[in-house]
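What follows is the residue order along each chain.
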Amino acid sequence: MNDNNYGAFSALHPLTLSIYFMSVIVSTVMSSNPVYACAGLIGAVLYKMIFGIKFRSVVIMTGFMTVLTLVNPFFSHYGNTPLLFINGKAYTFEALVYGGITAVVTAGVLLWCQGLSKCMTSDKVIYLLGRTLPKTALVLSGTLRFIPLCREKFESICRARKCIGRFSDDNVIDRTKSLLSVFSGLAGSMIEWAGDTASSMKARGAALKSRTSFHLFIFTARDLIISLFSCVSSIFIIYVITSGRAEFLCYPYVGNIPVNGLSLWSYAMFIVLSLIPFLFEIREAMIWKLRLSKI
Amino acid sequence: MEIASVKNLTFTYNGAASYALKDITFSVKKGELVLLCGKSGCGKTTLLRMLKPELTPVGNITGEIHILSHSADNVPQRVSAEKIGFVMQSPDKQIATQRVYSELALGLESMGKQRNEILRKTAEISAYFGIERLYRKDTSHLSGGEKQLVSLASVLSCEPELMILDEPFSSLDPIAEKELAQTVVRLNRELGLTVIIASHRIDELFEYADKIAVMDSGRMLFFDKPCKCVFSIADNPLIYALPVSARLYSDMGFKKEENCPLNIVQGRRFLSENLKPIKQNTIMYDTIENKGETALKLSQVYFRYEKTGDDIIRCASLEIKCGEIYAILGGNGTGKTTLLSLMSGVLHPYSGKIIVNGRKITKYRFGSLYRGVISAVPQEPSEMFVKDSVDEELREMLTDDNTELCQEIVVRLGLDKLYDRHPYDLSGGEQRKLAFAKALLNRPKILLLDEPTAGLDCNSRSEIIAIIKELAVNGISVVIVTHDAEFASECADRCALFFDGRIISEEGTKKFFAANSYYTTASVRLTKGITDICVTYEDILKRIGADKNKEVQ
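Let's talk about the overall build of chain A
Secondary structure summary: chain A contains nine helices and two strands in total. Scanning chain A from its N terminus toward the C terminus, one meets helices and strands in the order α-α-α-β-β-α-α-α-α-α-α. Against the 2.2 N^0.38 benchmark of 19 Å for 295 residues, chain A shows a C-alpha radius of gyration of 26 Å, more extended than a compact globule. Here the C-alpha coordinates of chain A stretch approximately 70 × 60 × 50 Å along the principal axes. Split into buried and exposed, the 295 residues of chain A put 42% on the buried side. Accessible area for chain A stands at about 15,800 Å²; split by element, carbon and sulfur atoms hold 70% of it. A gap of 5 Å separates the mean positions of the 27 positive and 14 negative side-chain charges of chain A.

Topic: the overall build of chain B
The secondary structure content of chain B amounts to 19 helices and 20 strands. For a compact globule of 553 residues, the expected C-alpha radius of gyration is about 24 Å, and chain B comes in at 25 Å, within 12% of that figure. Across its three principal directions, the C-alpha atoms of chain B cover 70 × 65 × 50 Å. Here chain B holds 553 residues, and the buried ones make up 57% of them. When the accessible area of chain B is evaluated, it comes to approximately 23,200 Å², of which 47% is carbon and sulfur surface. Charge separation in chain B, taken as the distance between the mean sites of 70 positive and 74 negative side-chain charges, equals 4 Å.

Some remarks on the packing of helix α13 (residues 403-413) of chain B against helix α15 (residues 458-473) of chain B
Residues and elements named next belong to chain B. Running from N to C, α13 and α15 cross one another at 150°; their axes reach a closest spacing of 10 Å. Considering the angle they form, α13 stands roughly antiparallel to α15. The handedness of the crossing between α13 and α15 is right-handed. Together, E408, R412 and L413 of α13 and E463, I464, A466, I467 and E470 of α15 make up the contact between the two elements. In the contact of α13 with α15, the residues fall into four nonpolar, no polar and four charged.

Details of the confidence of the model for chain B
Per-residue confidence for chain B averages 88 on the pLDDT scale, and 96% of its residues sit at or above 70. Across the predicted assembly, pTM comes out at 0.85 and ipTM at 0.84.

Section: the interface of chain A and chain B
Listed as interface residues are 51 residues of chain A and, on the opposing side, 59 residues of chain B. In total, chain A and chain B occlude about 5,000 Å² of area from one another, counting both sides; carbon and sulfur atoms represent 56% of this. Our count for the contact surface shared by chain A and chain B stands at six salt bridges. For the interface between chain A and chain B, the tally reads 27 residue pairs in polar contact (both at pLDDT 80 or more). Contributions of two or more residues to the side of chain A that touches chain B are made by α5 (122-130), α6 (134-162) and α7 (172-203) of chain A. The biggest single contributor to the side of chain A that touches chain B is α7(A), with 15 residues. Split into classes, the residues belonging to the side of chain A that touches chain B amount to 18 nonpolar, 18 polar and 15 charged.

With respect to the packing of aromatic side chains
All names here are of chain B. Following the criterion strictly, the structure yields 25 aromatic pairs over all chains and no others. Ring plane angle 80° and centroid distance 5.1 Å describe the contact between F254 and F270, whose orientation is recorded as edge-to-face. Placement of the pair is F254 in the loop between α9 (244-251) and α10 (264-274) and F270 in helix α10, with a sequence separation of 16 residues. The class for F254 is partly exposed, based on a relative accessible area of 30%.

Comments concerning the sheet that holds strand β4 (residues 59-67) of chain B
Residue and element names in this part refer to chain B. Spatially, β2-β1-β4-β5 is the arrangement adopted by the four strands of the open sheet, whose pairing is antiparallel. Of all strands in the sheet, those bounded by a partner on one side alone are β2 (21-29) and β5 (70-71). In this structure, β4 lies alongside β5, joined through two bridges in antiparallel fashion. When the sheet's bridge partners are listed, I67 is paired in β5 with H70.

Points about unusual backbone geometry
Residue and element names in this part refer to chain B. At N8, a position not held by glycine, the phi torsion is positive, near 50°. Secondary-structure assignment places N8 in strand β1 (residues 2-13). For N8, a relative accessible area of 42% puts it in the partly exposed group. Positive phi is not limited to glycine here, since Q300 has a value of about 45°. Relative to the elements of secondary structure, Q300 occurs in strand β11 (residues 294-303).

A closer look at the confidence of the model for chain A
Taken as a whole, chain A shows an average pLDDT of 87; of its residues, 98% reach a score of 70 or greater. Mean pLDDT across the elements of chain A bottoms out in strand β1 (residues 82-86) of chain A (80) and peaks in helix α1 (residues 14-30) of chain A (92).

Digging into the pairing of strand β2 (residues 89-92) of chain A
Across four bridges, the pairing between β1(A) and β2(A) is antiparallel. Its bridge partner being in β2(A), A:F85 is matched across the sheet by A:A90.

Let's talk about the sheet that holds strand β8 (residues 194-198) of chain B
Residues and elements named next belong to chain B. Here six strands make up an open sheet; going across it, the order is β6-β7-β8-β3-β9-β10 and the pairing mixed. Here the strands that pair on one side only, and so sit at the sheet edges, are β6 (84-87) and β10 (219-224). On average, adjacent strands in this sheet sit at an angle of 15° to one another, irrespective of strand direction. Both strand β7 (residues 162-166) and β8 contribute to a ladder of five bridges, which runs parallel. Paired with I164 across the strands is I196, a residue of β8. Lying over the sheet, helix α6 (residues 144-156) contacts β6 and β7, oriented at roughly 170° with respect to β6.

About the thresholds
Residues numbered from 1 in each chain as written. Chains lettered and ligands numbered in written order. Predicted model: local features only at pLDDT ≥ 70, side-chain atom pairs only at ≥ 80, totals over all residues. Heavy atoms only, no water. Helix = DSSP H or I, 4+ residues; strand = E, 2+ residues; numbered from the N terminus. Rg over C-alpha atoms; globule rule 2.2 N^0.38 Å. Buried < 20%, exposed > 50% of the residue type's maximum accessible area, 1.4 Å probe, protein only. Areas by Shrake-Rupley, 256 points an atom, 1.4 Å probe, with all protein chains shown as cover. Lys, Arg positive; Asp, Glu negative; His and termini not counted. Charge placed at Lys NZ, Arg CZ, Asp CG, Glu CD. Axes fitted to C-alpha atoms, helices over the stretch in contact; angles between N-to-C directions. Parallel < 35°, antiparallel > 145°, perpendicular 65-115°, else oblique. Left-handed = near helix turned anticlockwise from the far one by under 90°. Contact = heavy atoms within 4.5 Å. Nonpolar A, V, L, I, M, F, W, Y, C, P; charged D, E, K, R; others polar. pLDDT = per-residue confidence, 0-100. Buried area = accessible area lost by both parts, 1.4 Å probe. Salt bridge = Lys/Arg side-chain N within 4 Å of Asp/Glu carboxyl O. Polar contact = N/O pair within 3.5 Å; in protein donor to acceptor, adjacent residues only side chain to side chain. Phe/Tyr/Trp six-rings, centres within 6.5 Å; stacked < 30°, edge-to-face > 60°. Pairing = 2+ DSSP bridges.

Structural data, given as structure tokens:
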């Protein structure tokens, strides 16, 4: 059973992954330009598509985006092209467009965060912490182990109590009483468990000073290239946005998408940035196909 | 050279009325393998923890303890962490991290070793134990045996001089137990590691031990070579824990200690030399068939946990009569507990019927199934406990008509001395007894037990066997899922082998064990091919008695 099977991109060094995702998310969030917004969303969607998308999630996401778009004009009444009048307030076209862009940006950020949480497993997070705070990392590691354990223990205790007739869900009051006693048992059980784990850690010297942190991550040339590119492109993009060269105005009238030397470069860089994970996976798949066809 | 020595050690827990350890004296030389045994709660864990400074309990200590040429209260922290390894009973609770490699590196990280050295040491230890394929795995996906192996490897990566194991086999099935035991012996023989191991199941290690230590109520009764053991504790009920071969030697009247057989091979040699060869290969005393009503019936039951997963239970059928004791044996992780959960109504099959006392299990509404019909004791007995004292736990089960029963059960299981204790402070065996008592107080017609003897000493086991037999006489059916072939052979009326998702073989107990070669008792392995197949030790004694009678005639 492969425990970390989320593609080739997730196998990169945790530092690279954190730098990349931070760059792409910050850049997406800061944009109010439809080019950035769409590029960000498309990159995230393509990356997610590699691992299979359920029809249900597509429906939910589209619905969410539609709602965001349509709701914005109810709250923002700037803009000079009213489409409807509701309660005397204008439902303007500009606000609709702005809502649309916000929806795309939000959806993009959400999907990137999903990708981030899949790639950055807990041991990677602990590694990043462990470089500077090894003891905290150890405590965190032990704690994180408890979370799925609690859930399983809760279910086993419910079952055990049921089988001796001490768990009744005939009515609300009985059920609440039974659940409360299960929770108290769970709390005691978890404290006991934590005590044993702590003893085990203490027995192996966890209380000693000068602790180092072990990990299996190797920083390769690929990691260096991707980290550098992510840093450079996000800094450049942020500079372009803040200097106003790629500003897209919605109010009072929907403006044109800025097309000048600097903004074109920033568009290109952003598109490349958001496509990195997708291209990474595609490349890997193609290499496999090629190798297999040679057999 | 002595690695650990204890002189006149007496220890009382803070606030406890009686001593936990009394006047204990012994010493362990470098490279020795010491096996520590005794009843549950006799003080084994306490004694072992006294030898590991980080885990020493708080209380009143008198006497001397010397470990690695330091006095116990003066051992430097670093030396203790590095040179004294301690493996605990529970495979799950010892693991502190999420990946096997971080677990293996834990001790080395504490020593402040650099990354390259940790990598090398963990690689070496993984290769030695054969667990390389587990290196990057998530620790929650390991089996019990694998977890214990990882804990052992983790402790060993720091290269300790003294290795202490506190009942490491309790939660393991026979195969995992054998593997772990052999690994421990290998460590002792190949690396010269000093090992002190406490266990209830001593058959595996008896012949390899340099010294056997027997404890009772906080005192050390015996501390000497294994061959002398069976003679020194002849009057003590602890003798039932010793290997069958040794007990047989002593019961047949032989006195020479050096010739005492310690394992099955030696036992078989001894038996064939001293018994008239009667190669009948018959089974001693067959069991009578139960012709009563059906209490529980499973009919072509199918079950799986996930829609896209494999069938865990595949067309399983069985029928249990009233007053019958039915044991289900099988390999680890095959689905026996799942089968028991189906029987207790906690899980529901997607196909097939389950009939309890003539009614379909789905027809029992509003928890009526658990009031006086079925009671189940889970594998982990502490899951039943939600109160703060044993007294409260028992009180919660009291109704008007079971107060007398409660008193009786409590006295028989020895729980009357434990009223004020918190359930989690009890030893593993005591917890199991309490869970058993609670299930009985529910007055069930069908009792389901999941591994009732794991971690239990032989006295408690005999007590539980006696109670189960009485329940059967009173018409209560008992279904037991167990790895313990000895327990099943002494207790059950019928035994079944669970494999491939269903019951594949079902026979009277004696026939069942006589036919098997692996899932069988030590007595069968001792006598098969030499004389009439004897399934339990009592059968062997009867056989010898019959032999003696023939001689007299």
